Amino acid sequence: MQWLDRKLLRVLCCSVVKGFPKTMKKLFAKKTLRDLVEESNHHHFKRVLGPFSLTALGIGAVIGAGIFVLTGLAAKEYAGPSLILSFVLSGLACIFVALCYAEFASMVPLAGSAYTYSYAALGEVFAWIIGWDLILEYSLASSLVAVGWSHYFVKLIGLFGLHIPQWLTSDYWTLSHQAKDMFAQSVPFLHGIPIVFNLPAGLIIVVITALLVIGIKESARFNSIIVGVKLAVILLVIFVGWFYIKNDNWGNSFETFAPFGIGGIGTGAAYVFFAYIGFDAVSTTAQEARNPKRDVPIGIIVSLVLCTILYIAVTAVLTGMVYYKDINIDAPLADAFTRYGLVKVSFFISVGAVAGLTSVLLVLLMSQSRILWAIARDGLLPERLFAAVHPRFGTPHISTIIVGACVAITACCFSIEEIAKLVNIGTLLAFCLVAAAVIILRIKDPHHPRAFKCPFVPVIPILGILSCGYMMLRLEFSTWLRLVVWLAIGSIIYAAYGRRHSKLAKKHALMEKQNESMVELDKSYL
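Described in the following lines is the structure provided in the data block. (Residues numbered from 1 in each chain as written. Predicted model: local features only at pLDDT ≥ 70, side-chain atom pairs only at ≥ 80, totals over all residues. Heavy atoms only, no water.)

### So, the nonpolar core
Across soluble globular proteins, nonpolar side chains have a tendency to be buried as a group.
Then step 1. Core analysis: the largest hydrophobic core is formed by 146 residues, its most contacted members being Tyr101, Tyr115, Tyr152, Ile205, Phe279 and Leu333.
Then step 2. For this core, the element with the highest residue contribution is helix H17 (residues 343-377), accounting for 18 residues.
Then step 3. Setting aside residues up to four positions removed in sequence, tyrosine 152 forms contacts with Phe68, Val69, Asp330, Ala331, Pro332, Leu333, Ala334, Ser350, Ala353, Val354 and Leu357. (Core = buried A, V, L, I, M, F, W, Y, C linked by side-chain atoms within 4.5 Å. Buried < 20%, exposed > 50% of the residue type's maximum accessible area, 1.4 Å probe, protein only. Helix = DSSP H or I, 4+ residues; strand = E, 2+ residues; numbered from the N terminus. Contact = heavy atoms within 4.5 Å.)

This is how it looks when you write it as structure tokens:
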């Protein structure tokens, strides 16, 4: 009996050892760049976006929550006036990574962004990790922007004497902690359960989702109009606000300029990094661009450089107008001008914020549905559900509706602070992997045509990895823990569904069978 047990154990060990290389081969299977280029020519999207539309999409996604929402909290809690340097640090990190994105976009004109790039350079398991990570990034980013949109919308209609009950414009945790007396007296209950949710945040997501289902061309045109309004308002903030800056608010020494020290500048950079994530959304629309190899890199780089300059200028104005400890968290810019009696300017800022955050929502929700489409196209998620394209509108309508519903629920129920922290760490991880992928493909496939080349490789990608890695380390342990939990859930889904239904794995299995049959055929002839 003991002999039998030993023999059984030996057989099991041998089978595991023999099967291990095959398993690893499947997990790290890569798509060739030729296959990806071939895929880009077979899809059902409409190619209607030019360089102007792509740049507008980038600006539409980048300029929004970073300026209108996060600047207040980041200055007050993390960096003080030195938030200006935080934006410089985040901007530099993003420029390093943007050059990497631009190279990939010129090589692989496919939807999917970092997910698709990782599939070619790092293999399927890394592609899944980054794809799952991007799902988290875009979903939570959309939720955060919707919450910020709600704050400015409430402030805007308040200028006309219209007021919505606070239990319809906040989440349960924020209201129960910040307004305990009002919570006990004014909040309605249903069977003992308090009814508290952010109604405006949910409604704007429903409207944007409907617009995205109708079509990309209509969405892009709508976004371009809003971007024009938003840029006009931001320039108004810079030029008018500059006359109300008090140098004392910036501090008279480095200690007063950076009250939280060098570490505070790094933490502020990690927090406001969310403000920049929109530029990578341009790469998710590659299959809807008329000339993606040229236009997508233009859209990525131009939108990011322009937005970085505007971010630094607006932050300088805000922290110069209001002492950092007195900055309003919910609507910092509008409140700053109201303090100086500039009610009309405050009104235009609120209009610009509502319009600007609307365009951010549009681009982020659009990008999320394209990421899901790309993952499902490869068989890692149900294809009939997430890769279905509407026959008339030419949009991934089912995934767009699913994303809209999930984002609306999150925006109605959670606060800005908690959402922002988790978004940033996911984005930073994605950026690190894209930068690493550029170095790997330069070594593995140096002769593949590149319409745009990232300069100074591997220096620029390494700088991108180091700067993004540094900002990841500045985030709280609880944020890292949530990311680990999210990735663990993704690993379970990949093991249970993705690995079994992967089209690339099936293709390799078929090739192995054909090779085995050829070997047996050769043996029979011998």
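Moving on from the model shown.
### Brief notes about the environment of arginine 47
Then step 1. With respect to the helices, strands and loops of the structure, arginine 47 is situated in the loop between helix H2 (33-40) and helix H3 (51-62).
Then step 2. What makes arginine 47 partly exposed here is its relative accessible area of 30%.
Then step 3. The spatial distance from the C-alpha of arginine 47 to the C-alpha of alanine 289 is 5.0 Å, given a sequence separation of 242 residues.

### Considerations on the packing of aromatic side chains
Then step 1. Considering all chains together, one arrives at 13 aromatic pairs under this definition.
Then step 2. Between tryptophan 149 and phenylalanine 153 the ring centres are 4.9 Å apart and the planes differ by 10°, which places this aromatic pair in the stacked class. With a gap of four residues between them, tryptophan 149 and phenylalanine 153 both fall in helix H7 (residues 124-158), about one helical turn apart.
Then step 3. Three or more aromatic residues link up through ring pairs in this structure, and these residues are Trp128, Trp132, Trp486 and Tyr494. (Phe/Tyr/Trp six-rings, centres within 6.5 Å; stacked < 30°, edge-to-face > 60°.)

### Examining unusual backbone geometry
Then step 1. Of note, the amide linkage connecting valine 457 to proline 458 takes the cis form, showing an omega dihedral of 10°.
Then step 2. Looking at the secondary structure, you find proline 458 in the loop between helix H20 (416-444) and helix H21 (459-473).
Then step 3. One non-glycine residue with positive phi stands out, namely phenylalanine 456, at about 55°.
Then step 4. Examined against the element boundaries, phenylalanine 456 turns out to sit in the loop between H20 and H21.
Then step 5. In this structure phenylalanine 456 comes out as exposed when scored by relative accessible area, which is 65%.

### Looking at helix H6 (residues 114-121)
Then step 1. Of all eight residues in H6, eight are buried, a share of seventy percent or more.
Then step 2. Among the residues of H6, Ala114, Tyr115, Thr116, Tyr117, Ser118, Tyr119, Ala120 and Ala121 are the ones counted as buried.
Then step 3. A positive phi of about 110° marks glycine 123, the residue just after H6.

### Points about the pattern of salt bridges
For side chains bearing opposite charge, pairing can occur when the charged atoms are close.
Then step 1. Scanning all chains against the criterion turns up six salt bridges.
Then step 2. In this structure, the salt-bridge partner of arginine 442 is glutamate 103, at a minimum N-O distance of 2.8 Å. Of this pair, arginine 442 sits in helix H20 while glutamate 103 sits in helix H5 (residues 83-107), placing them 339 residues apart in sequence.
Then step 3. With a relative accessible area of 22%, arginine 442 lands in the partly exposed category.
Then step 4. Across the salt bridge formed by aspartate 335 and arginine 339, the nearest N and O atoms sit 2.8 Å from each other. One end of the pair, aspartate 335, and the other, arginine 339, are both in helix H16 (residues 332-339), four residues apart, so they sit about a helical turn from each other.
Then step 5. Looking at arginine 339, the relative accessible area reads 46%, which means it is partly exposed.
Then step 6. One salt-bridge network, held together by shared partners, links Glu103, Arg442 and Arg450. (Salt bridge = Lys/Arg side-chain N within 4 Å of Asp/Glu carboxyl O.)

### So, a nonpolar patch on the surface
Then step 1. Among the surface-exposed residues, Leu85, Val88, Leu92, Phe254, Ile262 and Tyr470 lie close enough to one another that they form a single nonpolar patch of about 510 Å² accessible area.
Then step 2. Considering each element in turn, the nonpolar patch owes the most residues, three residues, to H5.
Then step 3. Along the chain, valine 88 turns up in helix H5.
Then step 4. When its relative accessible area of 30% is taken as the criterion, valine 88 is described as partly exposed. (Patch = residues over 30% accessible without salt bridge, like charges linked within 9 Å, V, L, I, M, F, W, Y side chains within 5 Å. Areas by Shrake-Rupley, 256 points an atom, 1.4 Å probe, with all protein chains shown as cover.)

### Things to note about the environment of phenylalanine 239
Then step 1. Examined against the element boundaries, phenylalanine 239 turns out to sit in helix H11 (residues 216-241).
Then step 2. Phenylalanine 239 gets classed as exposed once you look at its relative accessible area, which sits at 57%.
Then step 3. In this structure the C-alpha to C-alpha distance between phenylalanine 239 and alanine 313, which are 74 residues apart in sequence, comes to 9.7 Å.

### Description of the side chain of asparagine 249
Then step 1. Assignment of secondary structure puts asparagine 249 in helix H12 (residues 247-250).
Then step 2. Residue asparagine 249 is classed as buried on the basis of its relative accessible area, which comes to 12%.
Then step 3. Of note is the side chain of asparagine 249, whose polar atom sits 3.4 Å from the backbone oxygen of methionine 321.
Then step 4. Other than its neighbours up to four places away in sequence, asparagine 249 contacts Pro81, Thr319, Gly320, Met321, Val322 and Tyr323. (Polar contact = N/O pair within 3.5 Å; in protein donor to acceptor, adjacent residues only side chain to side chain.)

### A look at the packing of H5 against H21
Then step 1. Orientation of H5 relative to H21, taken along the N-to-C sense of each, is 135°, at an axis distance of 8 Å. For the element pair H5 / H21, the angle class is oblique. In this structure, the crossing between H5 and H21 has a hand that is left-handed. For the pair formed by H5 and H21, the contact residues are Leu89, Ser90, Ala93, Phe96, Val97, Leu99 and Cys100 on the first element and Ile460, Pro461, Leu463, Gly464, Ser467, Cys468, Tyr470 and Met471 on the second.
Then step 2. Taken together, the residues of the contact of H5 with H21 break down into 12 nonpolar, three polar and no charged. (Axes fitted to C-alpha atoms, helices over the stretch in contact; angles between N-to-C directions. Parallel < 35°, antiparallel > 145°, perpendicular 65-115°, else oblique. Left-handed = near helix turned anticlockwise from the far one by under 90°. Nonpolar A, V, L, I, M, F, W, Y, C, P; charged D, E, K, R; others polar.)

Functional significance is not addressed by these values, which are geometric in nature.
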